[in-house]
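Commentary on secondary and tertiary structure
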Amino acid sequence: AGFIKSPLSQKRLTQDSVELYCEAIGNPIPEIQWWFEGNEPNETYAQLWDGARQDRVKINATYNLHSTSTIYIANLTSDDSGMYECRASNDPDRNHLSKSPKVKWIRSQANVFVIERPDIKAHVTGVSGKLILTCNMTAPYPAIEGHEWMHGDKILQTDTESSTFTSYTIEGKMEEHSGVYECVYKGSPVIKGQVNVSVSPQVMAYKKSEHGNEGDTGVLTCKNPSFPPVGSWVWYKNGQEVSAPIINGSGRYIIKSSGNKTELRILKLNIEEDTGDYHCNATNSYGFGGATVNLRVRSRLAALWPFLGIVAEVLVLVTIIFIYEKRRKPDEVLD
């Protein structure tokens with residue numbers, strides 16, 4: 001027996017992908033093949049293989065107790081529309097060029113419809129302290145059953161209108177609400193547009209003031225919560241030229257930057273050399289921004305001073321008591 005476990009009819013947009021899954025049971029374990037028949041009148045079934053269609057077709061198969069096979073087609077085009085057929089057989093002569101197999105191939109089919117992706121015009125407009133995000137779908141477009149606006153995995157707004165135009169309003173400044181927003185047109189298939197609210201880096205220091213002990217490693221960190229991500233980070237110390245930044249690996253400095261976060265490590269802290277303000281500057285395609293972190297380096301003996309002060313106070317107190325007891329006149333002995 002053989003069957004396709006994926007939906008028997010699927011709608012996809014151009015540039016999307018599709019995946020079909022097939023299982024076959026038999027003894028001996030049957031082989032699975034994938035075949036395709038297009039929608040053209042004279043087109044006949046042709047076998048598909050791993051790497052077909054300019055390497056857009058990927059086929060994975062396992063043969064353990066029973067047969068399983070998955071076909072994955074990436075970057076769909078309208079030519080990928082048609083009937084996909086999973087064939088399974090365990091006849092020894094199934095692939096013989098001249099002999100006919102005694103056992104026929106068992107077949108299961110799934111139809112894939114690839115629809116031309118509609119063009120979605122997206123805009124961001126700032127009006128008196130508000131951001132208005134809009135999406136407008138141009139023809140061709142399928143039946144629309146409603147809209148959703150999303151930011152990441154969070155649904156911000158939903159409706160059941162059938163209009164090709166949809167909008168979402170944000171209260172606040174662009175710098176406070178940057179990121180990638182999606183306008184979702186509900187239907188079959190679901191169509192998504194993307195609205196980018198982009199600003200220059202809004203850099204923040206994890207801590208405006210950092211403390212470290214002499215001889216230890218100091219760690220200064222900056223982050224950028226805004227969109228788009230930072231392209232390059234630069235650190236420099238106050239009093240130095242901006243054109244002479246701290247170079248990663250030079251002296252006692254180690255810089256680790258990844259996307260929207262950067263970290264400056266200073267090995268073997270020195271009170272005289274390392275105390276002061278450090279600046280982290282970020283640049284993206286919309287501009288640049290920066291923040292300042294103040295580093296204070298304490299002596300290793302700094303932690304002992306409070307303890308030594310308490311010891312001194314105790315010694316002074318004991319001395320005073322001792323002197324007082326020595327000078328005090330003895331009490332008269334009662335008869």
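How each quantity is defined
Residues numbered from 1 in each chain as written. Predicted model: local features only at pLDDT ≥ 70, side-chain atom pairs only at ≥ 80, totals over all residues. Heavy atoms only, no water. UniProt positions renumbered as here; feature names shortened; annotations may be inferred. Helix = DSSP H or I, 4+ residues; strand = E, 2+ residues; numbered from the N terminus. Pairing = 2+ DSSP bridges. Axes fitted to C-alpha atoms, helices over the stretch in contact; angles between N-to-C directions. Phe/Tyr/Trp six-rings, centres within 6.5 Å; stacked < 30°, edge-to-face > 60°. Buried < 20%, exposed > 50% of the residue type's maximum accessible area, 1.4 Å probe, protein only.

Looking at an unreviewed UniProt entry, the protein carries the name Basigin, with the source organism given as Eudyptes sclateri.

The next subject is the UniProt feature "domain: Ig-like" (unreviewed entry) in the protein. Under the UniProt annotation, "domain: Ig-like" (unreviewed entry) lies at residues 16-104, 118-198 and 201-298. Along residues 201-298 one finds 4% helix and 53% strand; the C-alpha atoms at either end are 33 Å apart.

Looking now at the sheet that holds strand 15 (residues 179-186). As summarised here, the arrangement of the 4 strands in space is 13-12-15-16, forming an open sheet in which the pairing is antiparallel. On the outer flanks of this sheet lie strand 13 (154-159) and strand 16 (191-197), each paired with one strand and no other. Pairwise comparison of adjacent strand axes, ignoring direction, gives a mean angle of 20° for this sheet. Note that strand 12 (residues 146-151) and strand 15 share 6 bridges and pair antiparallel.

What follows deals with the packing of aromatic side chains. Under the counting rule described, the total for this entry stands at 2 aromatic pairs. Ring centres of Phe36 and Tyr84 lie 4.7 Å apart, and the angle between their planes is 45°; this geometry places the pair in the tilted category. Placement of the pair is Phe36 in strand 4 (residues 31-38) and Tyr84 in strand 8 (residues 82-89), with a sequence separation of 48 residues. Note on Phe36: relative accessible area 5%, which makes it buried.

Attention now moves to unusual backbone geometry. A cis amide bond, omega 0°, links Asn27 with the succeeding residue Pro28. Take Pro28: it is sitting in the loop between strand 3 (18-24) and strand 4. Each neighbour pair has its own omega, and for Ser188 with Pro189 the value is 0°, a cis peptide bond. Summarising the element assignment, Pro189 is placed in the loop between strand 15 and strand 16. One non-glycine residue, Gln15, adopts positive backbone phi at about 80°.

A few words now on the pairing of strand 21 (residues 253-258). Sheet topology places strand 21 next to strand 22 (residues 261-266); 6 bridges connect them, and they run antiparallel. Within strand 22, the residue paired with Ser257 across the bridge is Thr262. Here strand 21 folds back onto strand 22 in antiparallel fashion, the turn holding 2 residues, of which Gly259 has a positive phi close to 60°.

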